[in-house]
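Each chain, written out:
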Amino acid sequence: MRQLSQASFLVLLSGTGTGTIFNVFATPTKTSLDAVFTTAFTWPTYPDLQYATALPRPSETVIYARPYSELESLAGPQKTTAWASIASPVDSDDEFGNVAWSSLWASFTVDSPPFTTTVTPTPIPSSQLVKPTPLPFSIGKGETDDLKFPRDFEWGFAGAAMQVEGALKTQGRGPSITEVIIGRSPPGIVGAGPPDISVLNYFLYKEDIARLAALGVKSYSFSIAWPRILPFGYPGSPVNQEAIDHYDDLINTILEYDMEPIVTLHHFDTPLHYLDNSSWQGYAHPEFVDGFVNYAKIVLTHYADRVGTWITFNEPNLDAALLGNWNASYHVVMAHARTVHFYRDEIKGGGKWGIKLALSSGFPLPLDPKSSDDIALTERQLDFLIGYMANPIYLGAQTPSSVIETLKSEAPSYTEEELQYVNGTADFFGVDIYTANYVTSLAEGTEACIGNSSHPSFPTCTNITAVRENWRIGAESNASPSTWYQHARTIFKYLHTKYPTAGGIIIAEFGWSTFHEADMNQDQARTEFTSTLAFLSVLNEILKAIYEDGVKFKGALGWAYVDNWEWGQYNDHFGVQTFNNVTLERSYKRSIFDFVDFITGHSES
Ligand code: NOJ
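Residues numbered from 1 in each chain as written. Predicted model: local features only at pLDDT ≥ 70, side-chain atom pairs only at ≥ 80, totals over all residues. Heavy atoms only, no water.

## Concerning the site of the ligand
Piece 1. Around the ligand, the structure places Gln 163, His 267, Asn 314, Glu 315, Asp 432, Tyr 434, Glu 509, Trp 559, Glu 566, Trp 567 and Phe 574.
Piece 2. In the model, an oxygen atom of the ligand is placed 3.0 Å from a nitrogen or oxygen of the Asn 314 side chain.
Piece 3. At 2.8 Å, a side-chain N or O of Glu 509 approaches an oxygen atom of the ligand.
Piece 4. Taken by itself the ligand offers 290 Å² of open surface, and the protein chains cover 91% of this.
Piece 5. Residues belonging to the shell around the ligand are distributed by class as follows: 4 nonpolar, 3 polar and 4 charged. (Near = heavy atom within 4 Å. Polar contact = N/O pair within 3.5 Å; in protein donor to acceptor, adjacent residues only side chain to side chain. Areas by Shrake-Rupley, 256 points an atom, 1.4 Å probe, with all protein chains shown as cover. Nonpolar A, V, L, I, M, F, W, Y, C, P; charged D, E, K, R; others polar.)

## Concerning unusual backbone geometry
Piece 1. Cis geometry marks the peptide bond from Phe 458 to Pro 459, where omega comes out at 5 degrees.
Piece 2. Tracing the chain through its elements places Pro 459 in the loop between helix H17 (446-450) and strand E11 (463-465).
Piece 3. A cis amide bond links Trp 559 with the next residue in sequence, Ala 560, at an omega value of 5 degrees.
Piece 4. Turning to its location among the elements, Ala 560 is positioned in the loop between strand E15 (553-559) and strand E16 (577-579).
Piece 5. The backbone of Lys 348 sits at a positive phi, close to 55 degrees, despite the residue not being glycine.
Piece 6. Within the secondary structure, Lys 348 sits in the loop between helix H13 (328-347) and strand E7 (352-358). (Helix = DSSP H or I, 4+ residues; strand = E, 2+ residues; numbered from the N terminus.)

## Regarding the sheet that holds strand E5 (residues 260-266)
Piece 1. In spatial order, the strands read E2-E3-E5-E6-E7-E9-E14-E15; together these 8 strands close into a barrel with parallel pairing. Across this sheet, the average inter-strand angle for adjacent strands is 25 degrees, counted without regard to direction.
Piece 2. Sheet topology note: the E5/strand E6 (residues 309-314) ladder contains 4 bridges and is parallel. Directly across from Ile 262, in E6, lies its bridge partner Thr 309.
Piece 3. Strands E5, E6 and E7 of the sheet are contacted by H13, whose axis makes an angle of about 160 degrees with E6.
Piece 4. Packed onto the sheet, helix H20 (residues 530-548) meets strand E14 (505-511) and E15 and runs at close to 175 degrees relative to E15. (Pairing = 2+ DSSP bridges. Axes fitted to C-alpha atoms, helices over the stretch in contact; angles between N-to-C directions. Contact = heavy atoms within 4.5 Å.)

Quick look at the structure:
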């Protein structure tokens, strides 16, 4: 090692500039080891900070239907109450008074929210809008660089009343069946906790919308809680004025931020009145259809003027998958169809309608796509997953024969007249996709299972596996789903071909709960990459499906806009934002920036 000259040493000590230490060595020779030490080093400055911005959009108000003042009578006579304002708690003479309302809640103990007024949003500090470090990789680089999402592509994030609102027993909300079947804090579930407060979106919705708008998110998908609108649930019981005002303001707030509301009428929160022993959301209850349609009419007369995209039911096909109650789907299909007919024929609205079918247990694919057996069994699996509901709604077709032949009288079936009535009552194909898996035959054969209703694989009688050729289908999340992007185009093409609609496919939910995110601190959760990979890989396949496979798409909505109550627990973090469970303060995760950047980077400027 050469000696430092005195002059150089002084430079070093005086610290006159970053990197001067390397200048102190004399006459470098390129070939010697000394060259390493003699190359001048200058600390580079960092790239300029990039900030997320709200989307520049023309604020034109689209009117989809006449206002409530002109539609009111279509919902039939309704009386309205605001329970919070009922003066006397001793009103036992009143069938729907405070005493009656309290008795609905008699068997529940519910935590009260920390505050009970709507929070006025504060501007999002610019420090929170700083984008994360650019990705070290580029999804779709070269393949989809020039592909753009259609101008009317609806994209954004979703939540659901039962999971995000909290304020469960507040402002007149009645209990739902979910409070009973899931309970407040199911024992034995990791991260178990009640939905009583969750992220308190009921009072923080303005903040939630402001936070999404600040990042340029286009659509906010939420559900209206039937037991808020009608605490007692059934026709003739009073409408809760505070709930009507709440959702009215929620919709107005979304529009004020130039975002688009996507509204689901039912997301697993059927009022307690419809509790029955055979279907987990009361679908089998004899009064379910009339009850739902009455509720839907109240909602639609109030809000049809401002909402362009409506969804009747969230994942009603889970009922059969979970409880084996296939017949109850008939009620759901009829309730859906009556609602859409009411909207089209009486409200005469210009909005679009759909229903969200679940593929949460996994979109089935043939284990060996060259095997006709595996293909047939995959079709069979799809018949039982979605076909029994999709056939009547999209095709005006009877329940698939595989379902009828296996379930016999337990299978839903429709008269010709009903099929005509139901046919075409969805303008677009709504689907939630979280994972995929492979289908092959059972070792003992399909027929042996079909003939034995106590077989564990009955009634699908297929063999489902996540593994093919020594590899799991994809990376594993904290919940059971795995990544599925490599099959996305096949899945989209299948749905587009089998159930074509004028409006196209909307992936009404897709998302990712990062492995063990609940054990991470906030910074770890905010910066992790797997949720970005899960979202972007699917968005990229959507682009290819649109341009290379001719698949019509309406949009794609990430689940969820914030971590939330995942049906009994807070352990699966699906959100693109975290929240502090003491202050309820939200923080963006990097995945929301990456999602937005991917879409805006593939949008017409
Ligand atoms: C779909 C359901 O609609 C939603 O409620 C749930 O949180 C997500 N799947 C994630 O499991």
